[in-house]
Amino acid sequence: MKLAIISDVHGNLHALDAVLDEIASQGVDATLSLGDFLSGPFDPVGVADRLIDLDLPSVRGNHDRHIAEGREDDWNVDALARSELAPHHFDWLRRLPATAVHGDVVFLSHGTPASDSVGWLDVMAYGHAVLQSREHVEREAEGFPYEVLLCGHSHVPRTVKLADGRVVVNPGSVGLPFDSGSPDAHYAIIEKRRSGWAVSLNSVPYDWQGAAKLALDRGFPKWAEVVQSGWAKPREL
Ligand SMILES: [Fe+2]
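Colleague: I'd like a description of unusual backbone geometry, backed by residues and values.
Modeller: A positive phi angle is found at Asp8, which is not glycine, with a value near 50°. For Asp8, the location among the structural elements is in the loop between strand E1 (2-6) and helix H1 (13-24). Although it is not a glycine, Asp55 sits at a positive phi angle of roughly 50°. Among the secondary structure elements, Asp55 is positioned in the loop between helix H2 (44-54) and helix H3 (62-69).

Now the structure itself:
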């Protein structure tokens, strides 16, 4: 079994299309998607249309939930996406499950199995992404006896092997790199081999200037800066 994993597109169609092009040449059995699809001042409608067409096995992210439900403490880009989406886009968002299982062996979540708003492998500390404690990583996996456990949310690519051999994988963010020092789009390939699951954490150059221009044109200069550099931190947005 060979699978591509994408997460945290955040409305960035330039980045999504570059990653999908790359995945098309990888000979995967399926592409799995881990949420936070539309929340960004780029092209949320374009991303929604692309993903509805592809119908990938997917779970929702915290921002997908916020956009679908509406919240008073909205991130301004959640409100922006909500103002542009059509009813069929909301129907799609509301149908996304919080977690899912693929092929009996791969578990999908956005944050942790219990929460779409908690980082499984990384936490922001003093403005930087750092590896969570071993206790936290192991505890969140209790009761989920799948060979591979997938998560997103932190936007930090990382893979961790649990004491019993299960693997936790975060592919990083397709469209909004945090604290990575590179504007490239990130995704992962996981492949089951005789000796276990091999994980490749990949980065793809794309037209990030095109994405930055969309953010600038919409009045979100900080977001333009983030997609051009990859150095920004979530609290700066
Ligand atoms: Fe996200």
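Colleague: Just give me the short version of H1, but keep the residues and values in it.
Modeller: For H1, built from 12 residues, the straight-helix expectation of 16 Å at 1.5 Å per residue is met to within 8% by its first-to-last C-alpha distance of 16 Å. Taken together, the buried positions of H1 are Leu13, Ala15, Leu16, Ala18, Val19, Leu20 and Ile23. The elements touched by buried residues of H1 are E1, strand E2 (30-33), H2, strand E10 (185-193) and strand E11 (196-204). Residue Asn12 occupies the N-cap position of H1, its side-chain oxygen lying 3.3 Å from the main-chain nitrogen of His14.

Colleague: Please give an account of the coordination of the iron ion that cites residues and values.
Modeller: Only Asp8 (OD), His10 (NE2), Asp36 (OD) and His155 (NE2) from the protein coordinate the iron ion, and they sit 2.0 to 2.3 Å from it. Seen from the iron ion, its four donor atoms lie at angles of 83 to 178°, and the figure they make is irregular. The sequence pattern describing where the donors of the iron ion fall on their chain is D-x1-H-x25-D-x118-H. Here His155 lies in the loop between strand E7 (148-150) and strand E8 (158-161) and Asp8 lies in the loop between E1 and H1, a separation of 147 residues in the sequence. Each member of the pair Asp8 and His155 is classed as buried.

Definitions and cut-offs
Residues numbered from 1 in each chain as written. Predicted model: local features only at pLDDT ≥ 70, side-chain atom pairs only at ≥ 80, totals over all residues. Heavy atoms only, no water. Helix = DSSP H or I, 4+ residues; strand = E, 2+ residues; numbered from the N terminus. Expected span 1.5 Å × (residues − 1). Buried < 20%, exposed > 50% of the residue type's maximum accessible area, 1.4 Å probe, protein only. Contact = heavy atoms within 4.5 Å. Polar contact = N/O pair within 3.5 Å; in protein donor to acceptor, adjacent residues only side chain to side chain. Donors = N, O, S within 2.8 Å, 3.2 Å for Na, K, Ca; no water. Tetrahedral: all angles 85-135°; square planar, octahedral: opposite > 155°, others 65-115°.

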